[in-house]
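# Descriptive analysis of the structure
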Amino acid sequence: MDEPILRAVNLNKAFFMGEAIYAVNNVSLTVGKGEFVAIVGPSGSGKSTLLSLLGGLDRPISGDVILDGQRYSKLSENGLALLRRRHLGFVFQFFNLIPHLSALENVALPMRFNRLARTAVTARAQELLETVGLGSRLRHLPLQLSGGEQQRVAIARALANNPAVVLADEPTGNLDSKTREEMASLFEKLNREQGQTFVVVTHDEGLTGCAHRVIHMRDGQIEKIA
């Protein structure tokens, strides 16, 4: 886990409401390939804003993010979108599945944008759903699945294009305690067995317990790393 895959260099993000309010204030960090990093902190500490910057979903006012040698600041909006699609996976608190698509179709969707053969896409989507324990739910629509099952579909979708890093924002925040434990175990398994790199914003002690490092944020800055 010594090889860096993701770096943030002196990131700053401010919102202007009469004066500049820094959501992320001069943050630098490095994530090793195959590492599991958790980001924690009180509400308003800048966790989700930092994750959006790391994922190229938002631009900093200064500083840079480097993913596997690619500097975000050098990329156009189209180039950044292409990088997100090919090299990053995203998992959100509210799943963000497309309701009229089956579990298999939701997982297959990111691969279809890459113009892969339909048979290869279907085989990969089925393999991923089996990996997350949903091999018997391939044709189910999101509303036919429990919250935990929907999040498993979302995790499978995030893995579809073999991303360098999966970024997750409160992925267990909308789940009951038993399902949160199952999700933490799944993240840990994917990291341990497949070497998947994770950066996870969370309040969930189950997830922080799986992490190699826990980054504590407060007032837009890194307070400590444990």
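Scroll up a little and you will see the structure.
The paragraphs below set out a description of the structure included in this document. On a predicted model such as this, the values are computed, not experimentally measured, just so you know. All residue numbers refer to position in the chain's written sequence, counted from 1. Restriction of local features to residues with pLDDT of at least 70 applies here, the model being predicted, together with a cutoff of 80 or more for giving and counting side-chain atom pairs; totals for whole chains, interfaces and linings are based on all residues. To obtain the side-chain values, all non-hydrogen atoms of the structure were included, while hydrogens and water were left out.

## Some remarks on the packing of helix α5 (residues 147–158) against helix α6 (residues 177–194)
- Fitted lines through C-alpha atoms give the axes, limited to the stretch in contact for helices. The angle between two N-to-C directions lies from 0 to 180 degrees. Counting from the N terminus, the helices are the DSSP runs of H or I reaching at least four residues and the strands are the DSSP runs of E reaching at least two. Two elements in contact, α5 and α6, have axes whose closest approach is 10 Å; the angle formed by their N-to-C orientations is 20°. Considering the angle they form, α5 stands roughly parallel to α6. Handedness of the α5/α6 crossing: right-handed. Across the interface between the two elements, Gly-148, Gln-151, Arg-152 and Ile-155 of α5 pack against Thr-179, Glu-182, Met-183, Leu-186, Phe-187 and Leu-190 of α6.
- Classification used: nonpolar for Ala, Val, Leu, Ile, Met, Phe, Trp, Tyr, Cys and Pro, charged for Asp, Glu, Lys and Arg, polar for all others including Gly. Looking at the contact of α5 with α6 residue by residue, the classes come out as five nonpolar, three polar and two charged. Just so you know how the angles are binned, under 35 degrees is roughly parallel, over 145 roughly antiparallel, 65 to 115 roughly perpendicular, and the rest oblique. Take the far helix as the reference: if the near one is turned anticlockwise from it by less than a right angle, the crossing is left-handed, and if turned clockwise, right-handed. Should any heavy atoms of two residues lie within 4.5 Å, those residues are considered in contact.

## Some points on the pairing of strand β4 (residues 62–67)
- The sheet contact formed by strand β1 (residues 4–16) and β4 spans five bridges and is antiparallel. Looking across to β4, one finds that Ala-8 is bridged to Val-65.
- Two strands pair under a simple rule: DSSP has to find at least two bridges between them. Turn length for the β4-strand β5 (residues 70–71) hairpin, with the two strands adjacent in sequence and antiparallel, is two residues, and the turn residue Asp-68 shows positive phi of about 50°.

## Comments concerning helix α4 (residues 118–131)
- Look at α4: 20 Å from first C-alpha to last across 14 residues, which is about the 20 Å you get at 1.5 Å a residue.
- For the exposure calls, accessible area comes from a 1.4 Å probe over protein chains only, and a residue counts as buried if that area is under 20% of its type's maximum, exposed if over 50%, partly exposed in between. Considered for burial, the residues of α4 that qualify are Val-121, Arg-124, Ala-125, Leu-128 and Leu-129. Down the axis of α4, the smallest arc covering the buried residues is 130°, so these residues share one side.
- Taken together, the buried residues of α4 touch α3 (103–112) and α5.
- Looking at the residues trailing α4, positive phi occurs at Gly-133, about 85°. Given the number of residues in a helix, its expected span is that number minus one, multiplied by 1.5 Å. Along the arc lie the directions from the helix axis toward the C-beta atoms.

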